[in-house]
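Chain by chain, the residues:
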Amino acid sequence: MPLLWTFPAAFSWICDGEPDLGACTQSSIIDGANLLFLCTFYVLWIAISLRKRDSVGNGTRRDLLLIIVAVCCAFSSLAHFAVALQSLMHQVDVIRPQGWLLHFVRGLAWMSLTVSLLAAKSKWMRTLVTLWWVAFCLLVTAWNIRLLFKGLEIGVLDIVTWPINFLLLFCAFRKYVVAPEPNPHEKLYEPLLGAKPDESRSPLGCASCLSKLTFAWINPLLRLGYSKLLEFQDIPSLVSEDEADLAYKKFAIAWDSVVSDQKGSQGYLVIKAIAKVYFKENISIGLCALSRTIAVVVSPLLLYWFVNYSNGGRGDLSEGFTIIGCLMLAKLVESFSQRHYFFDSRRSGMRMRSALMVAVYKKQLKLSNTARKRHSTGEIVNYISVDAYRMGEFPWWFHSTWSLTLQLFLSIGVLFAVIGIGALPGLVPLLICGLLNVPFAKIIQNCQSQFMIAQDERLRSTSEILNSMKIIKLQSWEERFRNLIESRRATEMKWLAEAQFKRPYGTVLYWMSPTIVSSVIFLGCALLQSAPLNASTIFTVLATLRAMGEPVRMIPEALSILIQMMVSFDRINAFLVDDELKHDRIRELPEEDSPGSTSIHILSGNFAWDVESAILTLKDINLEAKCGQKMAVCGPVGAGKSSLLCAMLGEITKTAGTVKICGSTAYVSQTSWIQSGTIRDNILYGKPMDEARYKKAIKACALDKDVSSFSHGDLTEIGQRGLNMSGGQKQRIQLARAVYNDADIYLLDDPFSAVDAHTAAILFNDCVMGVLENKMVILVTHQVEFLSDMDRILLMEEGRITQSGSYRELLTSGAAFEQLVNAHKEVLTTFGPSNSEIPGETADSIVVKHEESKENKQVEISEKAQPGVQLTEEEEKEIGDAGWKPFWDYILVSKGLTLLLFSFLTQLAFVVLQAASTYWLALAIRFPDISNGTLIGVFTGISSLSAVFVYLRSFYAAHLGIKASKAFFSGFTDSIFKAPMLFFDSTPVGRILTRASSDLSILDFDIPFSIIFVIAAGIELLAIIGIMASVTWQVLIVATIAMVASKYVQAYYWASARELIRINGTTKAPLMNYAAETSLGVVTIRAFNAVDRFFSNFLKLVDADAKLFFHSNALMEWLVLRIEALQNLTLLTASLLLILLPQGYVPPGLVGLSLSYAFTLTGTHVFVTRWYSYLSNYIISVERIKQFMHIPSEPAAVVVNHRPPSSWPSKGRVELQELKLRYRPNAPLVLKGITCTFKEGSRVGVVGRTGSGKTTLISALFRLVEPASGKIYIDGLDITSIGLKDLRMKLSIIPQEPTMFRGSVRTNMDPLSLYSDQEIWMALEKCQLKATISSLPNQLDSSGENWSAGQRQLFCLGRVLLRRNRVLVLDEATASIDSTTDAVLQRIIRQEFSDCTVITVAHRVPTVIDSDMVMVLSYGNLVEYEEPSKLMETNSYFSKLVAEYWSSCRRSSYKKF
């Protein structure tokens, strides 16, 4: 016999033996609920009392009303105790001796209510007692109204206590719905400083209980979003408990505690710390999940009760209303608990996410160099953007896993309660279907893991390519690197396709499971006769199986995602426990009042970049420097000069010796590190503005003319990594940053390499020897001409300081130093006899005269300055309602209209067959002639046939997704690789990478199935309403009203939600950019002691991103709650109609059918709404990718009808005719009509001040920018008439910034694999790198990660030696190498390219002094073009440049030589 049939007997002792299920159940529910609440109340009270036993009372004022109600409750309690005592003393009924016990329990409940009114002080206790008061009042009221309807008497005590229940309800609303007034005494404890204004805070912080319950606190934002387009500043900031700062502090405390407890073990520390912080708040989330699970499981029982009531003649109308009341209560509990479970779990996840993101960022600021080798910049950004970001969903998946498991077991219990042992055979197919999900989930998980690995590889390559796009375009390597990206993407697509085409099998399994299990259960009922196959049994089983379907499908997926999150936890754990910089290695002595205390002292220091390697980078370093001393460090490439500065900064591991630093430091790195932002921001570097000091720094670093040339002055925005600045400008901004910082010790790593000789002299004289006159300066330099002014010179070779002393001492005692100086002397003697006769006074007078005349000259135009327009533009985002356009873009670009139509038709067929199978059951049970076998067989057959269509639906959706992914990726990649260089100069890499990563992932995984889910659920929603209307047509009126109202509510919601998602698309990229920038410049940040400021800025970026995530989730729950309310109204209408319609009007089978579908109405509509919202959010990624699919492209790579001969250029003659060039339309001309000819085989030097147009000329030659007018001919062929590939492959260039790619020496030298190893070795030998690479263990297969800038520059020279084109361009190619190596390279270039046209852009005058011709540019005009010897004979612009250089060298060369 089914268990449920024995339930009435269990309550008969309450009701004098009369098994009235409705009355007895309701009476017992009231007493049971009171017992449950009072037990929970006392447990919570004891726990809080124990925790706060040492705390002082909070001094809360007693409320008069609460005291009055408490007195009333106390009298009620006494009355019940008196009745219980009387019953016990005069007991005569031995059969029912428990009557006194009921009164005792009720007296205990009223006494506990008295305590709850007076003792509930904590937030949790107040919440609990509020729920208790409300539930008690509602239950008692429902019970008394039922008795009145039935005409039964209400007990005296019940009549007396009923008004007290209403008083309790009033107390709940008065105290907890109306926001409490603040205690005036609390103002004494408010912070005086640093408090944020409340106006910008989220309304959640001061919302009432009812407002929180219904999400009404988000209404102001919705109203604002409906009235105008939301902007970032319109979004309220987070409440303090949600901010990243607090989240990190809590995590840091827990982390320290966990680490200290582990005692050596480093496993699972992150999980333990997270659990320690967030365990308590997740208990309430768990209670919500539990309530929702119980409400879902109870629904089939209510259906069973309803259909039985319908079958039983419906004599008692009050029972029908009771059923409907219970049904509505279950739906309300399900709705509210699920909404808050979803919202609170994601809110908790957001806190976890923020804490971990900040922890990773904080760790990278402290990471040691050895640890940095294990974690690249890209990987650190991934820890933040992928692993930590994933934690936003962790609590939701965690609670889903256990609650769905509980739901599954409770549903099985319901089956046994309804049909008894007949449910047992159904467990077998249920178990099989569940087990089949496990290997299927593992396959999907494996595919996704492999996909993620392939995606990481692609993104690493993409990032590298985007950062090196200029060299790729100059060398015409686009096709090779595009093929690399596409091969990486092909691996991704292989795993993506495998995962997506496996999903349809999972869909079939999900939809077939209920059919198979229900068929077996029905068969079990028929064979075992455990329950009749009537309407109540059949539709209760179907409803229960529907409740079991979600756990069966979701549990394997949830476990899979939790496993992925465990992997993320492990990755973050491994990062957080890695080595940090050990501050004890550098002892920073406290500064004294005397400024002369500044010093650096290194004694017997040994240092190594790689501690695990036996090779030392620096050996036996002994160094002492004092305040005001100027010290130079020089030596050949790779001698360890930069490493010495890093040793002083503590960036390199010290293996022996002591290092003492006294004073603050400022550091200028060899490779410039510039932040995205304005020039002013980069110079101030977080310091307050001091106008006088600022101007002094600008002038000393020769930036005054550059700043004045920009239309926005020092507020000009610099692109990511300073992309729109020349190399010299970036270096001078770095130097200005250091000067403005006003530190005690200045560590300058070759700051003059990227500037011309005149600017270098200004920087040295005005900055190093001028502004920094009283500071300690340690200068790494290759410029020998400055050494004579230094107090002390260190000569380094192979990681050792081989010589140390003043200039004169080293010149007389050191052969190595003498060799270095002689190399410089040889360079100077190339000026010729006439030039050597220039006396110092004459040279000085020329310089003075030139300085005076400069005041009257026009200001030079910076090459890329634009009037009124910042080069780095704000990120573009769509505004307003884009309607269906992005959706149709997705379909049309992917050419997937046919697949979409097939998906729609197969889904329609599936829904029709599913409806037909349930209709068959509802109609067939009316005919006794139809056997159970036929009933079950037809049902199984129709349902099984529907599985074919659901498979096809999912297959077509997967196919649509794969097509779209391929089409969008192809279009996006094609557009990026064909984009002009200006696009990369004005677009931060993060913007492109965000589209190539997260937006493309959404396209791959989310959009295709979101589309099909919306279509499927939309058709199903219409089918449900249709089935309900076919049974009771009147419901159609309410359903239509509810649907229309839902549409309006959704439109109201979507106005705000759409803009929130779009704004969120622009807040994540700055967060990742900032993390990447910090990783690249962490040495500079630590040197300037700016760690705290960067950390504070990152907290703000995390909160900016989190508040959009938070409010987006709140808006979604607001919407879903209201749609659930509207559809619950439809369910209420259908239920009432089924009760109120005349008996026999609706057959029991159709009652079960209608109600079983009505139960799914709310869930289906919410599903449609949620997935439509998700799709609308996801489709924004289509907008964002499509923005970058229509970038104006460069000219064609190959013009088929105008291909040059294979031997072109055979001579190398270059002719410029009236060449004019501007970077943007309507921008000023940067080159202003240049006409000249570079003869074949000649060596042409291009000189001019910074911003004169030298690099722009190179850009024009390689067509990085198309000429505004004029022509460039090479061997008589107009270069604009041929394709870019044909042009660039025939030109060679050594760029200003040396670039090397991930991979081996071989692939870096020869990316296109055109040359043999022997040819590569020959090229390496000629560029002085053979010995270095031969010493590496893997030789040509080794990577060059730790090579110096000079070695990288030599490497670039090796590339051009391989290609041997007729035209060679050197763009500051020897800026980072010493004079000796420079002289050797110039000799090699003369020998190897003797028959080639060599165009040299140089800052060092000796580099171009032996050229056949010299081109002098100024303000974009060609000032001079003549042989250098002839120009030196006249008072030419070039001779003045030479005189300036000679003047700067005079003290170290002319007098000393």
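For the structure, check the block above.
Rules of the game
- Residues numbered from 1 in each chain as written.
- Predicted model: local features only at pLDDT ≥ 70, side-chain atom pairs only at ≥ 80, totals over all residues.
- Heavy atoms only, no water.
- Phe/Tyr/Trp six-rings, centres within 6.5 Å; stacked < 30°, edge-to-face > 60°.
- Helix = DSSP H or I, 4+ residues; strand = E, 2+ residues; numbered from the N terminus.
- Buried < 20%, exposed > 50% of the residue type's maximum accessible area, 1.4 Å probe, protein only.
- Pairing = 2+ DSSP bridges.
- Axes fitted to C-alpha atoms, helices over the stretch in contact; angles between N-to-C directions.
- Contact = heavy atoms within 4.5 Å.
- Patch = residues over 30% accessible without salt bridge, like charges linked within 9 Å, V, L, I, M, F, W, Y side chains within 5 Å.
- Areas by Shrake-Rupley, 256 points an atom, 1.4 Å probe, with all protein chains shown as cover.
- Salt bridge = Lys/Arg side-chain N within 4 Å of Asp/Glu carboxyl O.
- Parallel < 35°, antiparallel > 145°, perpendicular 65-115°, else oblique.
- Left-handed = near helix turned anticlockwise from the far one by under 90°.
- Nonpolar A, V, L, I, M, F, W, Y, C, P; charged D, E, K, R; others polar.

**Q** Sorry, what's going on with the packing of aromatic side chains here?
**A** Geometrically, a pair of aromatic rings is defined through the distance of the ring centres and the angle of the planes. This structure, assessed with the given rule, holds 45 aromatic pairs. With 4.0 Å between their ring centres and 5 degrees between their planes, Tyr-361 and Phe-1098 make a pair best called stacked. Of the two residues, Tyr-361 sits in helix H11 (residues 317–364) while Phe-1098 sits in helix H37 (residues 1091–1140), which places them 737 residues apart along the sequence. Ring geometry for Phe-902 against Tyr-956: centres 5.3 Å apart, planes inclined by 40 degrees, an arrangement best described as tilted. Separated by 54 residues along the polypeptide, Phe-902 in helix H30 (residues 897–924) and Tyr-956 in helix H31 (residues 932–978) bring together distant segments of the chain.

**Q** Where do I start with the pairing of strand E11 (residues 792–797) in this structure?
**A** Successive residues of a regular strand alternate their side chains across the two faces of the sheet. Among the six residues of E11, five are classified as buried, and the element is accordingly described as predominantly covered. Bridge analysis of strand E4 (residues 630–634) against E11 gives four bridges, and the strand direction is parallel. Within E11, the position partnered with Ala-632 by the bridge is Ile-793. Both E11 and strand E12 (residues 800–805) contribute to a ladder of five bridges, which runs antiparallel. The residue bridging Glu-797 from the neighbouring strand is Arg-800, located in E12. Linking E11 to E12, which pair antiparallel, is a turn of two residues; within it Glu-798 sits at a positive phi near 50 degrees.

**Q** How should the sheet that holds strand E9 (residues 745–749) be read in this particular structure?
**A** In a beta sheet, neighbouring strands are held together by backbone hydrogen bonds and run either parallel or antiparallel to one another. The strand order E6-E9-E10-E4-E11-E12 describes an open sheet built from six strands, whose pairing is mixed. For this open sheet the edge positions go to strand E6 (665–668) and E12, each flanked by a neighbour on one side alone. If you compare each strand with its neighbour and ignore which way they point, the axes differ by 15 degrees on average. The strands touched by helix H19 (residues 641–649) are E4, E6, E9, strand E10 (776–780) and E11; relative to E9, the strand with the most contacts, the crossing angle is about 150 degrees. Contacts from helix H23 (residues 727–741) reach E6 and E9, with the element oriented near 175 degrees to E6.

**Q** Looking at this structure, I do not really get the sheet that holds strand E17 (residues 1277–1278). What am I missing?
**A** Taken in spatial order, the four strands make up an open sheet running E14-E13-E16-E17, and their pairing is antiparallel. Of all strands in the sheet, those bounded by a partner on one side alone are strand E14 (1231–1238) and E17. Note that strand E16 (residues 1269–1274) and E17 share two bridges and pair antiparallel. Of the residues in E17, the one forming a bridge with Ile-1274 is Leu-1277. Sheet strands in contact with helix H39 (residues 1254–1261) are strand E13 (1214–1221), E14 and E16, and its direction is about 110 degrees off that of E13.

**Q** Explain a nonpolar patch on the surface here, please?
**A** Nonpolar side chains collect at one region of the surface, where Phe-279, Ile-283, Leu-287, Leu-290, Ile-294, Phe-398, Trp-402 and Leu-410 lie side by side and expose about 720 Å² of accessible area between them. Elements with a minimum of two residues in the nonpolar patch: helix H10 (269–311) and helix H14 (394–419). Among the elements that make up the nonpolar patch, the one with the highest residue count is H10 (five residues). With respect to the element layout, Leu-410 can be found in helix H14. You can call Leu-410 partly exposed: its relative accessible area is 33%.

**Q** I keep staring at the packing of helix H17 (residues 478–528) against helix H33 (residues 989–1031) and nothing clicks. Help me out?
**A** Between two packed helices, both the angle of their axes relative to each other and the distance between the axes serve to describe the pair. With their axes 11 Å apart at the nearest point, H17 and H33 run at an angle of 25 degrees to one another. Classified by the angle their axes make, H17 and H33 are roughly parallel. Relative to H33, H17 is oriented so that their crossing is right-handed. Residues Arg-489, Leu-496, Gln-500, Arg-503 and Trp-511 of H17 form the contact with H33, whose own contacting residues are Leu-1000, Asp-1004, Phe-1005, Pro-1008, Phe-1009 and Glu-1020. In terms of residue class, the contact of H17 with H33 is built from six nonpolar, one polar and four charged.

**Q** In this structure, what is going on with the environment of Ala-1029? I would like to understand it.
**A** Along the chain, Ala-1029 turns up in helix H33. A relative accessible area of 15% means that Ala-1029 is categorised as buried. It is 8.9 Å that separates the C-alpha atoms of Ala-1029 and Ala-1134, two residues lying 105 residues apart in sequence. Not counting residues up to four positions away in its chain, the partners in contact with Ala-1029 are Val-1035 and Leu-1036.

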